[in-house]
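Remarks on the overall topology
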Amino acid sequence: MPPDPGRLFVLYGRALGILLAGYLLFDRAFAYLHLPGSPLFVGEMVLGLGVVAALAATRYFVGPIRDEPVLALVLAFAGWGLIRTVPGLGTYHLDAVRDAALWYYSLFALLLPAAIASYPGLLDRWMAGLERLTPWLLAWLPPALVLAPLADSAPRVPFSTVSVLSRKPGSAAVAALLVLGLLWLLPGKRSARSRALLSLPALLVIALAATQNRGGLLGVMAGGAVALFFVRHPVRLAARVVLVMVIGLGVASLLSLKVPLAGVQGREFSASQLVANVVSLSGKDSPGNLGGTVEGREELWTRILDKQVSDGHLVDGSGFGQNLAAEVGVYDEGKETLRSPHNSHLHILARMGVVGFSFWVALWAVWYWRLIAGCRRLARAGRYRTRQLAVLMMSVCTSVLVSCLFDPQLEGPQIAAVLWTMYGVGIAVTTRKPWFSGLAAEPARPLTITGRDEKPS
């Protein structure tokens, strides 16, 4: 009897789980574990395995796309990205392929439903793995953020120029929000006290990241607001979080607590820096280099879009391969630190034009509509664990999409793979089709924030 080709998707699902765990723990240091002399990184290798699985087990891949129109929008987005990438391959070669990561990581969203269809227990396996990973994440992320400024003097990942201490504050904040969501939306057997204790280091990670990156802070706030909208007694939970953070910030300010290491762009890991970053969100004059950073980004955004209009590529986009920042005179051509508008949404508009940006807006608008309606239906059906997983997907995806307004996170696999995978998970848990049978051990009643069962209202 010939082997089931769906086993490749089972292998892909397990490999993807390891990949996401590595990204959450080690960020770019894990992303750049690549073969010597090869431009294929770990994320691309796993993605390639998924593509091979799709070719070998077409029915698992085609079925969900046929059943779910929202996945057709993702396919259209990726297809248009491919069309705009091909003309630049002859001129820009690998630069065009590297910039095309902006769209080809969306394949993670298309491959995940196929993996779930062939491996129904995949999400339960991932959730159990994330629960085991949580203590390690909370123990490692605070020192990882503090040690990140020492990256230049730290050892490099083999066969790359990336430091083993490479860590972006925004990605750490996303990981912390994911842990908080797991603790409070899907508590499992954890008591309310243990969840509260584990939440403290997660909040510390968010505070440390917020001293270095305001986009990450806004993203966590937006993602948390989405989660609060779907939990019982949201005001009570929000009040607790605010109270803990105010007390912690107040004590840190009174004691003048500060990490002796300077952070990104000279910003301190201190209570005063956190307060300055929060105040700067109001739009008032920002102290230090905060105001200059905002003005620089606005200038970069304006120049790139103006050039796109003047070149006549507003509709179809400028394509992939050229250094957009260098073309408008913001950075030298040889400098590789920035190739985009420093905003993933505007980067899509610049590279793929109004056509690609329309697909981008549509695929997220339909996804949110789908998940909101799905959460209501799952609650009526008593499938509260599945519903809470859908809420968690919305919360973390919202965080990433908001922080992408200030940081080009979708251009790197360590966040893009997480985002697009959660997109696919959201489709799976809210589908009405038989290719997803649901999570195991659905609770009979919804859980409150205190961890006690409560009768549905």
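Keep in mind that what you see is a predicted model, and the values were worked out from it rather than measured. (Residues numbered from 1 in each chain as written. Predicted model: local features only at pLDDT ≥ 70, side-chain atom pairs only at ≥ 80, totals over all residues. Heavy atoms only, no water.)

1. Some thoughts on the pattern of salt bridges
Oppositely charged side chains can form a pair if their charged atoms are brought close together. Here is the rule we go by: Should a side-chain nitrogen of Lys or Arg be within 4 Å of a carboxyl oxygen of Asp or Glu, the pair is scored as a salt bridge.
Under the criterion given, the structure shown has seven salt bridges. Here the salt bridges share partners, and the residues they tie into one network are Lys307, Asp311 and Glu327.

2. Details of the nonpolar core
Note the threshold: We define a nonpolar core as any set of buried Ala, Val, Leu, Ile, Met, Phe, Trp, Tyr and Cys residues linked to one another through side-chain atoms lying within 4.5 Å. For each residue, the accessible area found with a 1.4 Å probe, counting protein chains only, is set against the maximum for its type, and the residue is called buried under 20%, exposed over 50%, and partly exposed in between. Any two residues whose heavy atoms approach within 4.5 Å are treated as being in contact.
Within the largest apolar cluster, 113 residues are counted, with the highest numbers of intra-cluster contacts made by Phe9, Trp364, Trp367, Trp420 and Tyr423. For Trp367, the contacting residues outside a window of four places in its chain are Val70, Met393, Met394, Cys397, Met422, Tyr423, Gly426 and Ile427. The next biggest cluster of nonpolar side chains, apart from the first, holds six residues, and it includes Ile304, Ala325, Val328 and Ala350.

3. Quick word on the packing of aromatic side chains
As a reminder, the rule being used: Centres within 6.5 Å are what make two rings of Phe, Tyr or Trp a pair, Trp counting through its six-membered ring; a difference in plane orientation under 30 degrees is then read as stacked, over 60 as edge-to-face, and the rest as tilted. Here a strand is any run of E in DSSP of at least two residues, a helix any run of H or I of at least four, and the numbering for each starts at the N terminus.
Counted according to the given criterion, the structure contains 17 aromatic pairs. With a centroid separation of 5.8 Å and 85° between ring planes, the pair formed by Tyr23 and Phe30 is classed as edge-to-face. A relative accessible area of 2% places Tyr23 in the buried class. Summarising the aromatic geometry, the rings of Trp364 and Tyr368 are spaced 6.2 Å apart at their centres and angled 45° between planes, so their arrangement reads as tilted. Separated by four residues within a single helix, Trp364 and Tyr368 lie in helix 17 (residues 344–380), roughly one turn from each other. In this structure, Trp364 and Tyr368 share a single accessibility class: buried.

4. A short note on the packing of helix 17 against helix 18 (residues 384–403)
Spelled out, the test is: Where helices are involved, their axes are fitted lines through C-alpha atoms of the stretch in contact, as for all axes, and angles between N-to-C directions lie from 0 to 180°. Note that the term roughly parallel is reserved for angles under 35 degrees, roughly antiparallel for angles over 145, roughly perpendicular for angles of 65 to 115, and oblique for everything else. Each crossing is labelled by how the near helix is turned from the far one, with a counterclockwise turn of less than a right angle marking it left-handed and a clockwise turn marking it right-handed.
At a closest axis distance of 10 Å, the pairing of helix 17 and helix 18 adopts a crossing angle of 155°. Viewed along their axes, helix 17 and helix 18 adopt a mutual orientation that is roughly antiparallel. Between helix 17 and helix 18 lies a crossing whose hand is left-handed. Within the contact between the two elements, helix 17 uses His345, Trp360, Trp364, Trp367, Tyr368, Leu371, Ile372, Cys375, Leu378 and Ala379 and helix 18 uses Tyr384, Thr386, Arg387, Ala390, Val391, Met393, Met394, Cys397, Thr398 and Leu401.

5. A few points about the environment of Glu299
The topology assignment puts Glu299 in helix 15 (residues 290–310). Its relative accessible area of 39% is what places Glu299 among the partly exposed residues. Sequence separation between Glu299 and Pro341 is 42 residues; the distance between their C-alpha atoms is 9.4 Å.

6. Topic: the side chain of Gln388
Position of Gln388 relative to the elements: it lies in helix 18. Sequence-distant contacts of Gln388, defined by excluding residues within four places in its chain, comprise Leu185 and Leu186.

7. Points about a nonpolar patch on the surface
What counts is decided by this rule: Patch criteria: residues need more than 30% relative accessible area and no salt bridge. Like-charged residues are merged within 9 Å; nonpolar side chains of Val, Leu, Ile, Met, Phe, Trp and Tyr are merged within 5 Å. Surface exposure here means Shrake-Rupley accessible area, sampled with a 1.4 Å probe, where a residue is shielded only by the protein chains that are shown.
A surface patch of nonpolar side chains, about 420 Å² in accessible area, is lined by Leu82, Val86, Leu89, Leu94 and Val97. If one sorts the elements of the nonpolar patch by residue count, helix 5 (residues 69–92) sits on top with three residues. Within the secondary structure layout, Leu82 lies in helix 5.

8. What about the environment of Asn213?
Within the element layout of this structure, Asn213 appears in the loop between helix 11 (192–212) and helix 12 (214–230). Note: C-alpha distance between Asn213 and Leu274 (61 residues apart in sequence) is 9.5 Å.

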